[in-house]
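Spelled out from the first residue to the last, the chains are:
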Amino acid sequence: MRFMPSFSRKDTAPGPTLPEIDDAAKRLRGRIVETPFVPLGHSRFHDRLPAGAHVRMKLELFQTAGSFKTRGVLLTLDGMSKAEREAGVVAFSGGNHGLAVATAAEAMEVAATIVMPQATDPARVKGCRARGATVELVPDIAAALARMEEIAAGGATAIHPFEGEGMVLGAATCGYEMICNTPTLDAVIVPVGGGGLIGGISRAVKLFSPECTVIGVEPVGADSLTRSIDAGAPQVLERVDTIADSLGAPRAMPMSYGVAAAHVDRMVLIEDDAMRDGMRLLFDAMKLIAEPACAAALAALIGPLREELAGKSVGVIACGSNISLERFSTLTQELR
């Protein structure tokens, strides 16, 4: 049978084990949403999907705090000591991670500071503050990382957006839900920021279905994981240039890179306009207001992967969506 866990005592590949993923899923039960994994009908998508393909979309934009990040943040907080929780947490984020930290910290009565770039969508800043977090605005994402590290040096625990066992494990529970729902998937397409999401999902998928192809999608202007895999080691970008701020990680990090590099089959790069097109399609077909990152996997499916995945069973990730109506309208109207 194709649907067979591949783990064993001899399994030395990086990433969480199946028992660890299963335990994490049980600990998250009742605290998060087991998001729908819905089929996308050809008629609703105007024949934009690959011919003969059976496509399902994992709607993590319906997750608590609006993205998959909540999974990993809760598991990270679970693993902290009482003293660490009393000292508070700090995170840097362009939005989704910050909202997840603020939401989880509020639920667990932990003080949280979120450091965000000044260009962050005001709706995300407002959302963090509404959940009781202290928000600091700095010039850019590099300055946000530096400020997070400074605050952490003062005693708070830093919760990195993608580098950490809890974050990768949380993402793995998302892949676990997908493969348990549809064990016959031929391919899974995952948007990539820092690599924590695709690392966790690819690990869970490969444990059950080694033959399933895992494809990562990055913007052309934020291709840190693509460069890292090509180079065989984590790389740092000189600059990030994309509308997908949730995918704008300036560097790959050792642990998340290692898990992703071991399990991801290939990477695909897409232009910003492809994500705008995907945003428009999600709205037209499903009335979903998606941020660029949320539409990235679909954009790759209807673009560079369309012919390759014809006739296949495909899962795509809608990773999250915290975007104001104003910014959504502006971005989609910019589509040439």
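### Details of the sheet that holds strand S5 (residues 134–138)
Phase 1: With parallel pairing, the four strands of this open sheet are ordered in space as S5-S4-S3-S6. Of all the strands in the sheet, the pair left with one neighbour each is S5 and strand S6 (157–158).
Phase 2: Strand contacts of helix H6 (residues 141–153): strand S3 (89–92), strand S4 (112–117), S5 and S6, with the helix running at about 165° to S3, the strand carrying the most contacts.

### Some remarks on helix H1 (residues 18–28)
Phase 1: All of the buried residues along H1 are Leu-18, Ile-21, Ala-24, Ala-25 and Leu-28. The arc that holds every buried residue of H1, seen down its axis, measures 125°, which confines them to one face.
Phase 2: At its buried positions, H1 is contacted by helix H2 (69–78), helix H7 (165–181) and helix H8 (196–208).
Phase 3: Once H1 finishes, Gly-30 follows within two positions and takes phi at roughly 85°, a positive value.

### Focus: the pairing of S4
Phase 1: The element S4 is extensively covered by neighbouring structure, given that six of its six residues are classed as buried.
Phase 2: Going residue by residue along S4, you find Ala-112, Ile-114 and Met-116 tucked away on one face and Thr-113, Val-115 and Pro-117 tucked away on the opposite face as well.
Phase 3: Looking at chain direction, S3 and S4 are connected through four bridges and run parallel. Residue pairing for S4: Val-90 is matched across the bridge by Thr-113.
Phase 4: Assessed by its sense of winding, the connection that carries the chain from S3 through helix H4 (residues 96–107) to S4 is right-handed.
Phase 5: Here five bridges tie S4 to S5, and the two strands are oriented parallel to one another. Bridge assignment links Ile-114 to a residue of S5, and that residue is Val-135.
Phase 6: Following the backbone out of S4, through helix H5 (residues 122–130) and into the adjacent parallel S5, one traces a crossover that is right-handed.

### Topic: the nonpolar core
Phase 1: Judged by nonpolar contacts, the single largest core of 102 residues is most densely connected at Ile-189, Leu-298 and Leu-301.
Phase 2: Looking at this core element by element, the count peaks at ten residues for helix H12 (residues 292–302).
Phase 3: Apart from residues no more than four positions distant in its own chain, Leu-301 is found in contact with Leu-49, Pro-50, Val-55, Ile-189, Arg-306, Leu-309, Val-314 and Val-316.
Phase 4: Within the second largest apolar cluster, nine residues are counted, among which are Val-115, Val-138, Met-148 and Ala-156.

### Re the pattern of salt bridges
Note that side chains of opposite charge can pair when their charged atoms are close.
Phase 1: The tally for this structure, following the rule as stated, stands at 18 salt bridges.
Phase 2: In this structure, Arg-27 engages Asp-23 in a salt bridge whose closest nitrogen and oxygen atoms are separated by 3.0 Å. Placement of the pair is Arg-27 and Asp-23 together in helix H1, with a separation of four residues, close to one helical turn.
Phase 3: On the basis of relative accessible area, Arg-27 is assigned to the partly exposed category, the value being 33%.
Phase 4: Given the relative accessible area of 38%, Asp-23 is considered partly exposed.
Phase 5: A salt bridge links Arg-124 to Asp-245, with the nearest nitrogen and oxygen atoms 3.1 Å apart. Of this pair, Arg-124 sits in helix H5 while Asp-245 sits in the loop between helix H9 (224–231) and helix H10 (254–263), placing them 121 residues apart in sequence.
Phase 6: Of the residues examined, Asp-245 reaches a relative accessible area of 30% and is grouped as partly exposed.
Phase 7: What emerges from the salt-bridge pattern is a single network uniting Asp-23, Arg-27, Arg-31 and Asp-78.

Calculation criteria
- Residues numbered from 1 in each chain as written.
- Predicted model: local features only at pLDDT ≥ 70, side-chain atom pairs only at ≥ 80, totals over all residues.
- Heavy atoms only, no water.
- Pairing = 2+ DSSP bridges.
- Helix = DSSP H or I, 4+ residues; strand = E, 2+ residues; numbered from the N terminus.
- Contact = heavy atoms within 4.5 Å.
- Axes fitted to C-alpha atoms, helices over the stretch in contact; angles between N-to-C directions.
- Buried < 20%, exposed > 50% of the residue type's maximum accessible area, 1.4 Å probe, protein only.
- Arc of directions from axis to C-beta.
- Right-handed = clockwise from strand over helix to strand, strands pointing away.
- Core = buried A, V, L, I, M, F, W, Y, C linked by side-chain atoms within 4.5 Å.
- Salt bridge = Lys/Arg side-chain N within 4 Å of Asp/Glu carboxyl O.

Function-wise, these values are silent; they only describe arrangement.
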